[in-house]
Amino acid sequence: MDLGTVKQRLASNYYSKVQDFVSDVNLIFENCILYNGESSQVSIMCKHVRDEFNKLYENLYLDFYM
C-alpha cells in the first residue's frame, strides 16, 4: 500500500467505510517501519506522522459520535 494508491482510491470513491481508509493508511505506516527498520530516521518520522494521524482521527471520531 502507498499514498498514491490511497489518493487514487479516494478520487474514485473506492472507500465505502471510513475504517477501510484508516486501515489502508495504517498499512502504509506499518510497511514503512517494516521495510526501513524500526530505528531508521524514516521510520521515526513515520511514527510521528502515524501518531498525529491517529490522534486526529480519534478526535474527529469523538466529535462526530459524541
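Preceding block: the structure.
One structure accompanies this document, and this report is about it.

What counts and how
- Residues numbered from 1 in each chain as written.
- Predicted model: local features only at pLDDT ≥ 70, side-chain atom pairs only at ≥ 80, totals over all residues.
- Heavy atoms only, no water.
- Helix = DSSP H or I, 4+ residues; strand = E, 2+ residues; numbered from the N terminus.
- Contact = heavy atoms within 4.5 Å.
- Areas by Shrake-Rupley, 256 points an atom, 1.4 Å probe, with all protein chains shown as cover.
- Lys, Arg positive; Asp, Glu negative; His and termini not counted.
- Charge placed at Lys NZ, Arg CZ, Asp CG, Glu CD.
- Phe/Tyr/Trp six-rings, centres within 6.5 Å; stacked < 30°, edge-to-face > 60°.
- Buried < 20%, exposed > 50% of the residue type's maximum accessible area, 1.4 Å probe, protein only.

Considering the overall build of the chain
Scanning the chain from terminus to terminus reveals three helices and zero strands. The linear arrangement of helices and strands in the chain, starting from the amino end, is α-α-α. With the principal axes as the frame, the chain shows a C-alpha extent of 35 × 30 × 10 Å. Within the chain, contacts between residues at least 6 apart in sequence are counted, and of these 35% link residues at least 24 apart. With the model as given, the accessible surface of the chain reaches about 5,200 Å², and the carbon-plus-sulfur share is 59%. Positive and negative side-chain charges in the chain, numbering 6 and 9 respectively, have mean positions lying 3 Å apart.

Description of the packing of aromatic side chains
As enumerated under the stated definition, the model contains five aromatic pairs in all. Summarising the aromatic geometry, the rings of Tyr14 and Tyr15 are spaced 5.3 Å apart at their centres and angled 85° between planes, so their arrangement reads as edge-to-face. With a relative accessible area of 15%, Tyr15 lands in the buried category. Aromatic side chains Phe21 and Phe53 sit 6.2 Å apart centroid to centroid with 65° between the ring planes, which places their arrangement in the edge-to-face category.

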